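Tertiary structure, described
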Amino acid sequence: MSAASAQLFLAEGLARQNRVAEAVEACYEVLRLDDSEPLAHALLADLLLAGDFYEEAIGAAALAIELDVDCTPAYLALGLAYDRRGGMWDRSVLVWHELAEVAPELVTAHVQLGEALAASAFEEEAIAAWRKALELDPRQARAMYDLAVAALKREGMATALPGFRKAGELDPSQDDFFFGLAGVGSGGDEMPRAEDVEPDRFSRLAAAYSLARADDLFGAADMIRLLLSDKPDDAEALALAGFLYLKQEASNEAMAVALRALAIDPKTPTAVYVLGSSFTRRRGLGKSASRVFGALAKAVPDQPMSHVLHAEALLGVQRYADAKVSYLRAVQLDPTLVRARFGLAAVLLTEGEHALAAHEITRAAYYDTRREGLFMCLYEDYARGREQSAE
Amino acid sequence: MPSDREIDGGEGQTDASPMTPEAVNAETSDEELRTSGAAVPADAARRPRRNPLFGTGVSLYPLDDEADEPEDWYSRDVTADLDTLTEAKCSLVRLFVGWRVLEPQVGQYDAEILGRLSELVKSVDERGMQSIVCFFADDRHADLASVPWGARRDPRIDPYLLQREAAVIAQVVSALHGSAGLFAWQLGDEAFLSGFTTAEDLAAWAGQLREAIREHDPARPIGLGADVETFFRSSGIDMRALAESFEFSVAHATSAYRAYASQGPLTSVNSSYLEPFLLRCAPAGKPVLLDETGPLSLEYSAGEEAQALRVALWSAICNGASGVMARRLRDMRTERREPYFLDPFETLVGVLDDEGEAKPAFDELATFIATSAVLDLRAYTPLPERAAVLMPAERYEPLPSLAGLYAPRACLQAFVTAKRAQVPVKVVHEGEELREYRLIAVPSAFRLEDGTWSQLAEFVQAGGTVLYSYGGGELAKESAGLFGVEFVGDGGPRRSFECRVAQQRLLGDLENFDSLLELPAYALVTPSTATVVATDATGNPLLTVNQVGQGRAVFVSVPLERAVAQGDPWAAPHPVLALLRELYGSSARAAGCAAPFECDTPEVEVTLFSGDTDDVIVLINHSPERVLAGMSTNHPVASISDIRGGAEVPVGGKAFGVPLGAGGVSALRLTYE
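A quick note: this is a predicted structure, and the numbers were derived from the prediction, not measured. (Residues numbered from 1 in each chain as written. Chains lettered and ligands numbered in written order. Predicted model: local features only at pLDDT ≥ 70, side-chain atom pairs only at ≥ 80, totals over all residues.)

**Here's the deal with the overall build of chain A**
- When helices and strands are counted, chain A shows 22 helices and 0 strands.
- Here the C-alpha radius of gyration of chain A, 24 Å, is about what a compact globule of 391 residues would show, namely 21 Å.
- With the C-alpha coordinates aligned to their principal axes, the bounding extent of chain A is approximately 70 × 55 × 35 Å.
- When contacts within chain A are restricted to residue pairs at least 6 apart in sequence, those whose partners lie at least 24 apart make up 49%. (Helix = DSSP H or I, 4+ residues; strand = E, 2+ residues; numbered from the N terminus. Rg over C-alpha atoms; globule rule 2.2 N^0.38 Å. Contact = placed C-beta atoms within 7 Å.)

This is the structure we're talking about:
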């Protein structure tokens, strides 16, 4: 391994540990040894982007691309830097277009391309790009949010609302919120087997949550059935049963078991969640949903998702000012919550605050891409590709 | 004004020298007062039309249509434009010399063009305004700083072209220097000057051309058209020393700097504080013109543009500017294309549309001129700023040091925090004299110069207060005595921030809290002589105070300002912002440099102009929401009234409320019991 490669390895490691200043120094050390190393420029661009130093990131990424036009991580950094810098949408469109060509299966490139096109007022092309992203990945929540925002701009909230709801359902953070309300952690990789579960309430409930979390809905339902056979008035088990119904689009059943759970124990937050969620899926129950989620937001005020759900219910009954307050509260609690940012953007659009809305969407995109950790994936793929071609 | 108030009027308005040398014709007009709906007082007939000590104007670019050629330099009839400016009571107009049209062939000057320039200056003068004539700007359309015979040589560094530039200046200055309506000369604008790659080249260019002006005009002010802070950011050249050799300097927020320092819409969070911050970064002791303010791109609605301009104009007069210039009069008429992209030279958007119709921003400009006219800056002086944010020298370090990138953001956050705490504040650069201050905030610096620690120690010994937040890395050994703590090490980054108050009231009213905030570092210290005021959740000192001599040194164990600035300023946790505000406010109160009033709304910036028998306060709402600012003063207020006139509203107490719209401004006269 050459000195430059060793130094680059070190820089990469430091970057992964989020030790930005040291990683930047290490990148410069690589460039002192070999200034034609595109990976060092690309990594430097990403590090500078992490600090919101857009001009510097643009410079570094552009150098990387100049050195190798196939350097995909550099395209990502360059596009993101243009987007976040703002006002450079023409260049941004070009970069995302290029990345979508170089890596056609990269969903984020299509989503970002759509956002750059939308910011440039090319709405039709933007919608086509988001649809392409959803073709590649039907669970792409951000593309769905973007489509909902586009619908809002064109036809108003009534048309946009189903899109926001659909995007919300695609967003995995809502399920995390449910399990968080139940006090269940992320759990391990190992799935419980029904025959190994101890025949007590605690073990069965824990197993049911684990199975539900792993999307084994039937396994979880079997476990709940055993629980309820022993104790039919178990509010928590009923709430989980309601959640399982919700996952299977059975809103009426979910509503029924949630109501039963709340009749047994009105302070079961998971049941409140299930009831609110089932109300939102039924026409004409928007007001009830807003009340239920309002109660949930009061019960768990430090959970940003509770405010998001309340805000979304308020959107459904056209109480935009109240929805804005709830969204703002959610953003205060968690600035990285993409769903709250998009919702807030929607409310701002209804108020005619286009610049503020655009800013919220930009921030949502920023956090979403950062959450995905896409740069490092592209970086690894690119490095591996170079090694293979060298061999 | 009551005599026992803690205001040192003797040192007020040190840097607010007028940008208008003549006492502008104090003509009488009460038209704007009538149209504003305010009752016109009996003495309105004697009121000035505009503020004689605060120039306000607009840049009048040579071309207003993208289809025009450089040869069309000011070929249109500008009478209507000048009349519009006259109606708005502007006092300054910037005109641009076009080198290409003036010297079409080497050494041959077009007398017609020179005559046209003289006519323009005369027309401006005839309307009671004054001109700033700018050489070698780059507006991207009119080739103002290049010549066809230049053979693609760089006019910034080519010795022959430099000679020609000096000669063209000689032609213009000798033709115009006798004009009464000519106020000042300007060399370059930021678009042109940012093409320099070394400080030496810039100094040589500026020095030679300055001499060329001085040969024919020994007295008139000359300015260099770049902001020291934004220019360093764009070019990497520190031009502070050079700027000080000119008679006035300019401050402006370029779009690139705005994206770097405070992204997001113009009208909220830290964005609206950016221009006052840059004003305070300008060289001290020289008049500063807040330049190129107003609409920047077509990204914002007309209402947002107007709101941003309103806040910028009033921030200028409240933050030591000597005048203010809007970016452009008319929108450039561009080809009909969508979308509009950012104009890299920022000269497309004006305060009138391309038909010459006033936009809301223009109405704001006119309203500002009419209202600020009534603020007599001879009779009312702003409170002296005895608090300063220290811009560390590491700000000028290049990459790979990130300090140069972090420092301005942390300093802006500190400046905003001081404003939110109603502390009159300036920015001081490391190495500058600190004696005039009572409080120095050092926000999140990684490292200070060797001499600075002893300077800070002397400052505290003499009764000053230092508010220092740790920036990361090794804490200088010299700091141990000052802060009364032993540095154990950097605890590294944290994702949460907790505060547990150990000593109440030593640093104001602090509250316990837990919040999510990414902290890049945490200084682990053990107190020796310092008192621990607050700790984190595990008992590590978070805030300490050390009494040294007659002063005190406050140590914050985390880079708080940087953490807020680097995080999402739109979602900074409220308890953290409240802690910062209380730290700055209480430190200023203890140091005796706080304002003699309080405002319960942090987003409202309040500036007090102190008079002999009454005061004027200007309240600027920096938030995009409507607010009711609750004011409380040290002395009972008898009445308040709009400075433009109108009925006096009796108060009879120390508290009153002022309603302000989004980005709203209110200028009130206070009389005391």
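Still to come is the rest of the account.
**Notes on helix α4 (residues 111-126) of chain B**
All names here are of chain B.
- For α4, with 16 residues, the first-to-last C-alpha span of 22 Å sits near the 22 Å given by 1.5 Å per residue.
- Residues of α4 that are buried include every one of Ile113, Leu117, Leu120, Val121 and Val124, and no others. All buried residues of α4 lie within an arc of 95° about the axis, which places them on one face of the element. Away from the buried face of α4 by more than 90 degrees, exposed residues Ala111, Glu112, Gly115, Glu119 and Glu126 are located.
- Two residues or fewer after α4 comes Gly128, characterised by a positive phi angle close to 75°. (Expected span 1.5 Å × (residues − 1). Buried ≥ 20, exposed ≤ 12 C-beta atoms within 10 Å, placed from the backbone. Arc of directions from axis to C-beta.)

**Observations concerning the sheet that holds strand β1 (residues 55-59) of chain B**
Residues and elements named next belong to chain B.
- The strand order β5-β4-β3-β2-β1-β8-β7-β6 describes an open sheet built from 8 strands, whose pairing is parallel. Edge positions in the sheet fall to β5 (222-224) and β6 (249-251), since each has one partner strand and no second. Averaged over all adjacent pairs, the angle separating strand axes in this sheet is 25°, with direction ignored.
- As paired elements, β1 and strand β8 (residues 323-326) share 4 bridges and run parallel to each other. Bridging across to β8, Val58 finds its partner in Ala326. (Pairing = 2+ DSSP bridges. Axes fitted to C-alpha atoms, helices over the stretch in contact; angles between N-to-C directions.)

**Re the interface of chain A and chain B**
- Contact with chain A, which involves 27 residues of that partner, is made by 26 residues of chain B.
- Every element with two or more residues in the side of chain A that touches chain B is listed here: α2 (20-33), α4 (54-67), α6 (89-102), α19 (320-333) and α21 (354-372) of chain A.
- The residue makeup of the side of chain A that touches chain B, split by class, is 13 nonpolar, 8 polar and 6 charged. (Nonpolar A, V, L, I, M, F, W, Y, C, P; charged D, E, K, R; others polar.)

**Here we look at the packing of α4(A) against helix α5 (residues 72-85) of chain A**
Residue and element names in this part refer to chain A.
- Closest axis-to-axis distance for the α4/α5 pair is 8 Å, and the angle between their directions is 150°. Taken as axis vectors, α4 and α5 run roughly antiparallel relative to one another. For the pair α4 and α5, the crossing hand works out as left-handed. Between α4 and α5, the contacting residues are Tyr54, Ala57, Ile58, Ala61, Ala62, Ala64 and Ile65 on the first element and Ala74, Tyr75, Ala77, Leu78, Ala81, Tyr82, Arg84 and Arg85 on the second.
- Tallied by class, residues from the contact of α4 with α5 come to 13 nonpolar, no polar and 2 charged. (Parallel < 35°, antiparallel > 145°, perpendicular 65-115°, else oblique. Left-handed = near helix turned anticlockwise from the far one by under 90°.)

**Let's talk about the packing of α5(A) against α21(A)**
Residues and elements named next belong to chain A.
- Two elements in contact, α5 and α21, have axes separated by 10 Å at closest approach and are oriented at 155°. In terms of orientation, α5 lies roughly antiparallel with respect to α21. Considering the relative orientation of α5 and α21, their crossing is left-handed. The residues of α21 that touch α5, namely those facing Leu80, Asp83 and Arg84, are Thr362, Ala365, Tyr366 and Thr369.

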